[in-house]
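# Residue-level structural notes
What follows is each chain in one-letter form.
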Amino acid sequence: MSQTQQESAGQLVAAADRPMAGAASKGPRRKKPAKAAVTADGHQVRKLSWKTRLRRDRQMLLMMIPGVLFLALFFYIPILGNVIAFQDYQPFLGITGSDWVGLQNFVDLYFDPDFWGAFKNTIVLAVWQLVLFFPVPLGLALIVDSLISTKVRRWFQSLVYLPHFLSWVLVIALFQQVLGGAGLVNNTLRDMGMGAIPFMTNPDTFPLLATVQLVWKDAGWAMIIFLASLAAIDGSLYEAAAADGAGRWRRMWHVTLPGLRSIIVLLLILRIGDILSVGFEQFLLQHDAVGPGAAEVLDTFTYFAGVVGGGWSMGAAAGLAKGVVGALLIFAANKVAHKMGEPGIFQKKVG
Amino acid sequence: MATTLHERRSAKRRSKGLTYNPNRPVWKEPASPFYNSIKALIIGGISLSIVLPILLVISTSLADDKQLVAAGGYVLWPTHPTFDAYQTIFSSPFMFRALGVSAFITAVGTFLALFITITMAYATSRPVMFGRPVLLLVLFTLLFAPGLIPMFLMIKQLGLLNTVWSLILPGTFAAFNFVVMRSFFMNIPTELIEAARIDGASDFMILRKIVLPLSKAVIAVVGLFYAVGFWNSFFNAMLYINDQTLYPVQLILRNFVVQGSPMADALGVATTPPPQSLQMAIVVVALLPILLVYPFLQKHFNKGVITGAIKG
């Protein structure tokens, strides 16, 4: 047998083995790795050695390279770069040349009133978002789902998705043109002889304004996931409930909301994990107009302290603290969801 | 006498002269004018809040001086539309370059991003060597972010500061899009791929000839997400770009509209229409590409996102 024939035969065997290899890896975990694996229908197959698998999967492995390279360059190496949070980082000395200062940066942060101001603003905004933003998509989805006319439904859906695709710069520009000091509303008010209202620059009402901006931009898009899970609820449940005499509100209470329970819990977990990142561009853009007293959040603090102010280590420390707390919050919220008997985000193996 | 719920309801409806609507479940109550008007109010209000600002901006950018002055700066419908503001903008080399930068990062970035996402998603959607560890590497990025300062230092280390690549490369992969793509690929029947393999197709060929043609919807959606992300990206530019000739449109929008910097000098144009309509014209230039692409891709949303997002 010539070399090429042998090769093609080997490939054929490998190809035939593949579905079984897949089945074995998906099946219940075996106690010990055995030389021979047994498939569901009782056939014994040769367990492939890693060399064979490397050969068999070489093209697939090649396909993974660009992605892995990206992750390394723009995710994992920068994560290691967080070590400067424990240094007195000097740009011209670099990471290797700068002095180690232990937790000094975190101590400095702890005694920095600006940091706590940013922290407070972040929490305030997160609470506003939780109370005002979170329920809106759910309510919208219920309304849209109850529409009978497919035409109205489709039009409305495509319209409310649109603002999600506009940039924050654009959204704030639009808000300025309507609500700003020289905007449409204030122009009209002045024409009618009334004083202008500083919607866009008042620090006291800024959390409300920011939440309204967020609702305008993203509530429609956030609705999409509720709509999908509404569509997944079995229609015969509604029919049965109606036959038992349940009116529209009782059907919503006893069929619709239980059907949405797990998705609501899931989104809540995600929101809680994200509680320290209320949005970045939105606040950076309005930082000047409203003033840091109300518009400074943890992310903008990191930016101004680190990149603008040159306090690299301090900024990195703030960013790292925020990231770690956020990840811990997700784990905690996920745990709570499990206690409530919900799947949560990552108890289920992905794939 | 009608006995079942269905019969009773349809009899009632017929007696009221309501026609048959296939979308209305038989068990549903007849339409109530009260609830219907509340719904109409909510839906109409939301639609107006979206349409009005956009219409206002477009109309004002098209209005001529006279109408603008008479209306006090804002116009909802231009009576004598002119393109003066746009002419001024496009005659400015500054603005023209910005458009070029934005178009370049959007086109190149979307292409690169789709390439990375598709190859990676396909490879991890099959039971192959290192598939699971690589998947976990990606999913971890959903939980934690490296942070602003380390990213900045990395871009600096790579020598990408003040180049368009600093606007492209950090955005060429998003875990969410990866998850959508991957769950779509996992729904492609294994038999199809095995059959091709037995016929001697290589993995690359299977991806190109079988998987990609089946995935047009999801590629359109994910491509749109990436493209919109690149077109809209403003913060990266603010962070990494000092050179004014490399400003993308969003940064110009921020400087001249949101911050309200004076435009005449920067644009390098002598005679200018009223600043109001110039500002609006810049807003429209940033807005228009999205308004133009959106209707074509919007129909894929349901197919692409929902199947992906729910399973992911």
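Residues numbered from 1 in each chain as written. Chains lettered and ligands numbered in written order. Predicted model: local features only at pLDDT ≥ 70, side-chain atom pairs only at ≥ 80, totals over all residues. Heavy atoms only, no water.

### Overview of the overall build of chain B
- Across its full length, chain B holds 17 helices and zero strands.
- For chain B, the residues scored as buried account for 52% of the 312 residues in total.
- Across chain B, contacts joining residues at least 24 apart in sequence account for 70% of those joining residues at least 6 apart.
- As displayed, chain B has an accessible area near 14,600 Å², and 68% of this comes from carbon and sulfur atoms. (Helix = DSSP H or I, 4+ residues; strand = E, 2+ residues; numbered from the N terminus. Buried < 20%, exposed > 50% of the residue type's maximum accessible area, 1.4 Å probe, protein only. Contact = heavy atoms within 4.5 Å. Areas by Shrake-Rupley, 256 points an atom, 1.4 Å probe, with all protein chains shown as cover.)

### Focus on the interface of chain B and chain A
- Taken residue by residue, the interface counts 105 residues in chain B and 101 residues in chain A.
- Summing both partners gives a buried area of about 9,200 Å² for chain B against chain A, and 75% of it is carried by carbon and sulfur.
- When the buried area of chain B at its contact with chain A is split by residue, W27, M129 and I149 of chain B rank highest and sum to 8% of it.
- The tally of links from chain B across to chain A stands at one salt bridge.
- The partner of E29 of chain B in a salt bridge is R251 of chain A, with the nearest N and O atoms 2.9 Å apart.
- Linking chain B with chain A are 18 residue pairs in polar contact (both at pLDDT 80 or more), by the criterion used here.
- The dominant element in the side of chain B that touches chain A, judged by the number of residues it contributes, is helix α2 (residues 33–62) of chain B, at 13 residues.
- Taken together, the residues that form the side of chain B that touches chain A break down as 73 nonpolar, 19 polar and 13 charged. (Buried area = accessible area lost by both parts, 1.4 Å probe. Salt bridge = Lys/Arg side-chain N within 4 Å of Asp/Glu carboxyl O. Polar contact = N/O pair within 3.5 Å; in protein donor to acceptor, adjacent residues only side chain to side chain. Nonpolar A, V, L, I, M, F, W, Y, C, P; charged D, E, K, R; others polar.)

### Remarks on the confidence of the model for chain A
- On average, residues of chain A carry a pLDDT of 82, and 85% of them reach 70 or more.
- Overall, residues 1–27 of chain A carries pLDDT values under 50, and its contacts beyond four positions in sequence, including any with other chains, amount to 23 contacts. (pLDDT = per-residue confidence, 0-100.)

### Considerations on the packing of aromatic side chains
- Counting across every chain of the model gives 34 aromatic pairs over all chains.
- Ring geometry for F165 of chain A against W221 of chain A: centres 5.3 Å apart, planes inclined by 75°, an arrangement best described as edge-to-face. Here F165 of chain A is found in the loop between α8 (150–161) and α9 (168–179), whereas its partner W221 of chain A is found in helix α11 (residues 206–231), with 56 residues between them in sequence.
- Note on F165 of chain A: relative accessible area 2%, which makes it buried.
- Residues F90 of chain B and F96 of chain B carry aromatic rings whose centres are separated by 6.5 Å and whose planes lie at 85° to one another, so their mutual orientation is edge-to-face.
- Classification of F90 of chain B by relative accessible area gives partly exposed; the value is 37%.
- Judged by relative accessible area, which is 52%, F96 of chain B ranks as exposed.
- A network of ring pairs unites the aromatic residues Y110, F111, F115, W116, F119 and F301 of chain A as a single cluster.
- Lying over the aromatic face of W168 of chain A, K217 of chain A brings its terminal NZ or CZ to 5.1 Å of the ring centre. (Phe/Tyr/Trp six-rings, centres within 6.5 Å; stacked < 30°, edge-to-face > 60°. Lys NZ or Arg CZ within 6 Å of the ring centre and 35° of its normal.)

### Some details on the pattern of salt bridges
- This structure, assessed with the given rule, holds six salt bridges over all chains.
- Where salt bridges share partners, they join E194, R197 and D203 of chain B into one cluster.

### Side note on a nonpolar patch on the surface
Residue and element names in this part refer to chain A.
- On the surface, I123, V124, V127, W128, L130, V131, L132, L208, V212, L268 and I272 cluster together into a nonpolar patch covering about 780 Å² of accessible area.
- When residues of the nonpolar patch are traced back to their parent elements, those giving at least two are α6 (113–133), α11 and α13 (248–273).
- With seven residues, the single largest contributor to the nonpolar patch is α6.
- Note on placement: V127 falls in helix α6.
- By relative accessible area, V127 is classed as partly exposed at 44%. (Patch = residues over 30% accessible without salt bridge, like charges linked within 9 Å, V, L, I, M, F, W, Y side chains within 5 Å.)

### Some thoughts on the confidence of the model for chain B
Residues and elements named next belong to chain B.
- Chain-level pLDDT for chain B is 84 on average; 89% of the residues reach the 70-or-more range.
- Across chain B, the element-wise mean pLDDT spans from 54 in helix α17 (residues 301–311) up to 94 in helix α8 (residues 165–168).
- Residue range residues 308–312 is modelled with pLDDT below 50. Its contacts to residues more than four positions away, or to other chains, number nine contacts.
- Confidence metrics for the complex model read pTM 0.83 and ipTM 0.85.

### A few points about the environment of F185 of chain B
All names here are of chain B.
- Tracing the backbone shows F185 in helix α9 (residues 175–186).
- Through-space distance from the C-alpha of F185 to that of A121 is 7.6 Å; in sequence the pair is 64 residues apart.
- The contact partners of F185, leaving out residues within four places of it in the chain, are I118, A121, Y122, S125, R126, V211 and S215.

### Overview of the packing of α9 of chain A against helix α10 (residues 184–191) of chain A
Residues and elements named next belong to chain A.
- Contact pair α9 / α10: the axes reach a minimum separation of 3 Å and the direction vectors enclose 5°. Put simply, α9 runs roughly parallel to α10. Touching Q177, V178 and L179 of α9 are L184, V185 and N186, all from α10.
- Across the contact of α9 with α10, the residue classes break down as four nonpolar, two polar and no charged. (Axes fitted to C-alpha atoms, helices over the stretch in contact; angles between N-to-C directions. Parallel < 35°, antiparallel > 145°, perpendicular 65-115°, else oblique.)

### Overview of the nonpolar core
- Of all hydrophobic cores here, the largest spans 186 residues; its most connected members are Y161 and F165 of chain A together with Y122, M181, F185 and F301 of chain B.
- For this core, the element with the highest residue contribution is helix α5 (residues 93–125) of chain B, accounting for 14 residues. (Core = buried A, V, L, I, M, F, W, Y, C linked by side-chain atoms within 4.5 Å.)

### Digging into the environment of A220 of chain B
Residue and element names in this part refer to chain B.
- Inspection of the secondary structure puts A220 in helix α12 (residues 216–232).
- Residue A220 is classed as buried on the basis of its relative accessible area, which comes to 19%.
- Linking A220 and L148, residues 72 residues apart in sequence, is a C-alpha distance of 30 Å.
- Dropping the residues within four chain positions of it, A220 is found in contact with L297 and H300.

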